[in-house]
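Structural overview for review
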Amino acid sequence: MTASTTRTKRGKGRDKAAPSRPTQKDIALAAGVSQAAVSLVLNKAETPSVPPTTRTRILEVAQELGYRPNHPARMLRSARTMTFACVIPDITNPFYPGLVRGLQTVAAPAGYDVLIFDTDGRPEREARAIDWLLQGRADGVVATFFHLRAPQLAVLARKGIPLVRLESQHKPDGPLAIDSVYIDNAEAAAEMTRLLIARGHRRIAMIQAEFGPSQRRALGYGTVMREAGLSPDFITDSAYSEESGARAMKRLLERKGERPTAVFGASDVLALGAMVTALNAGLSIPDDIAIAGFDDIPVAKLLGLTTVRQPEFDLGALAAETLVRRLLPGGLETPGRSHELKFEIMKRSSV
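Just so we're clear, the structure is a prediction, and the values are computed from it rather than from any experiment.

Okay, the sheet that holds strand β5 (residues 178-182) next. Pairing is parallel in the open sheet, where 6 strands are placed in the order β2-β1-β3-β4-β5-β11. Strand pairing shows two members of the sheet lacking a second neighbour, β2 (113-118) and β11 (338-340), which therefore form its edges. When the angles between neighbouring strand axes are averaged without regard to direction, this sheet yields 20°. As defined by bridge partners, strand β4 (residues 163-167) adjoins β5 across 5 bridges and the pair is classed as parallel. Within β5, the position partnered with Leu-166 by the bridge is Val-181.

What follows is the structure, encoded as structure tokens:
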């Protein structure tokens, strides 16, 4: 065999292409599903948007094609941090841990860590969070903003950082990768107010904070009160805290004239502050005064607080799933969407 013959055979060996490694796109095409669904299933993210039959089909196709994940290559190709940020207004509010758990349940199997940024509900801290995110600290963001609006948040989407907002109402679709998850806060508050009226209450006060979802919750309460021929009675304090709820209830009890027979807190922590103040004043709940809340934080069940249940875990999981989809190829190019989840009235002994 001559040297030239040897080189030719080696050359033929190089020219013969090795079988290509199957990708998630290949699995999606073979299974007849979206690439986002494949990514969620292969990363072991449990999500209600992927039915069990679809999950099974994806896993079977992946096995048939011999799919193997290549996480280091993914990070090198994308130059990503593999991190989601969760921006919240108060880390001590018992509502938010459930939201974060839901976020982590989807994010972690998809290969993303979660960082938390607490704004304390202050506008300057919210602006600082945006600056922090623009430094490339996270690939996507789930956030509750009390003061910033869509035009101020658009800079994130334009930088390729998708954002999912926890909102109090439906938001119109937009051209940028800004999505929202929400329950209908106005209707939830309206339903709670109808319950209080059905229990015979006519003097119903609402304790609210100066910002955040209080506006929508106050709208639902006020609308039903007027429809019933009753006068809305708003007591506003500074924050969503037990201290604010206690101060507001103290002002209610010190007013001249007939006191309310029922108080509706725009959040559970406001309602809990009101409960403590009422009990310290020697009042019986619900015989002397009924108290209702909003959120269904863990302690609400222990204290028998009638409240609106927000599915905070599901809100966090849906937000994370939305980010995972956004970060797939082409995901940043689709319009922003608003995703609604259902609320529930939890009837307990405080009403």
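As a further point, take the nonpolar core. Among the nonpolar cores identified, the biggest contains 88 residues, and Ile-27, Ile-58, Phe-84, Ile-207, Met-249, Phe-264 and Ile-291 are the most heavily contacted of them. Setting aside residues no more than four positions away along its own chain, Ile-58 makes contact with Ile-27, Val-33, Ala-37, Val-38, Val-41 and Leu-42. If you look at the next biggest cluster of nonpolar residues, it comprises 18 residues, including Ala-85, Ala-129, Leu-133 and Leu-148.

Our next topic: the side chain of Glu-126. Locating Glu-126 in the fold gives a position in helix α7 (residues 123-137). Polar contacts involving the side chain of Glu-126 include one to the main-chain amide nitrogen of His-147, which spans 3.0 Å. With near-sequence residues (within four places) excluded, Glu-126 lies in contact with Thr-119, Thr-144, Phe-145, Phe-146, His-147 and Leu-148.

Below, the discussion takes up the sheet that holds strand β9 (residues 290-295). Taken in spatial order, the 6 strands of this open sheet run β7-β6-β8-β9-β10-β12, and their pairing is mixed. Because the sheet does not close on itself, it has two edges, and the strands there are β7 (233-236) and β12 (344-346). The sheet shows a mean angle of 20° between the axes of neighbouring strands, taken without regard to direction. Where strand β6 (residues 204-208) and β7 come together, 4 bridges link them in parallel fashion. Across the sheet, Met-206 pairs through a bridge with Phe-234, a residue of β7.

On to the environment of Ser-238, then. As for its position among the elements, Ser-238 is in the loop between β7 and α11 (242-254). At a separation of 3.3 Å, a polar atom in the side chain of Ser-238 contacts the side chain of Asp-237. Within the structure, the side chain of Ser-238 is placed 3.4 Å from the side chain of Arg-247, a separation counted as a polar contact.

The N-to-C vectors of helix α3 (residues 35-42) and helix α14 (residues 312-326) enclose an angle of 120°; their axes lie 9 Å apart at closest approach. The orientation of α3 relative to α14 falls into the category oblique. The two elements α3 and α14 cross, and the hand of that crossing is right-handed. Contact residues: Ala-36, Ala-37, Ser-39 and Leu-40 in α3; Glu-321, Val-324 and Arg-325 in α14.

Here is what the cut-offs are and how they apply
- Residues numbered from 1 in each chain as written.
- Predicted model: local features only at pLDDT ≥ 70, side-chain atom pairs only at ≥ 80, totals over all residues.
- Heavy atoms only, no water.
- Pairing = 2+ DSSP bridges.
- Helix = DSSP H or I, 4+ residues; strand = E, 2+ residues; numbered from the N terminus.
- Axes fitted to C-alpha atoms, helices over the stretch in contact; angles between N-to-C directions.
- Core = buried A, V, L, I, M, F, W, Y, C linked by side-chain atoms within 4.5 Å.
- Buried < 20%, exposed > 50% of the residue type's maximum accessible area, 1.4 Å probe, protein only.
- Contact = heavy atoms within 4.5 Å.
- Polar contact = N/O pair within 3.5 Å; in protein donor to acceptor, adjacent residues only side chain to side chain.
- Parallel < 35°, antiparallel > 145°, perpendicular 65-115°, else oblique.
- Left-handed = near helix turned anticlockwise from the far one by under 90°.

These results come straight from atomic positions and should not be treated as a statement about function.
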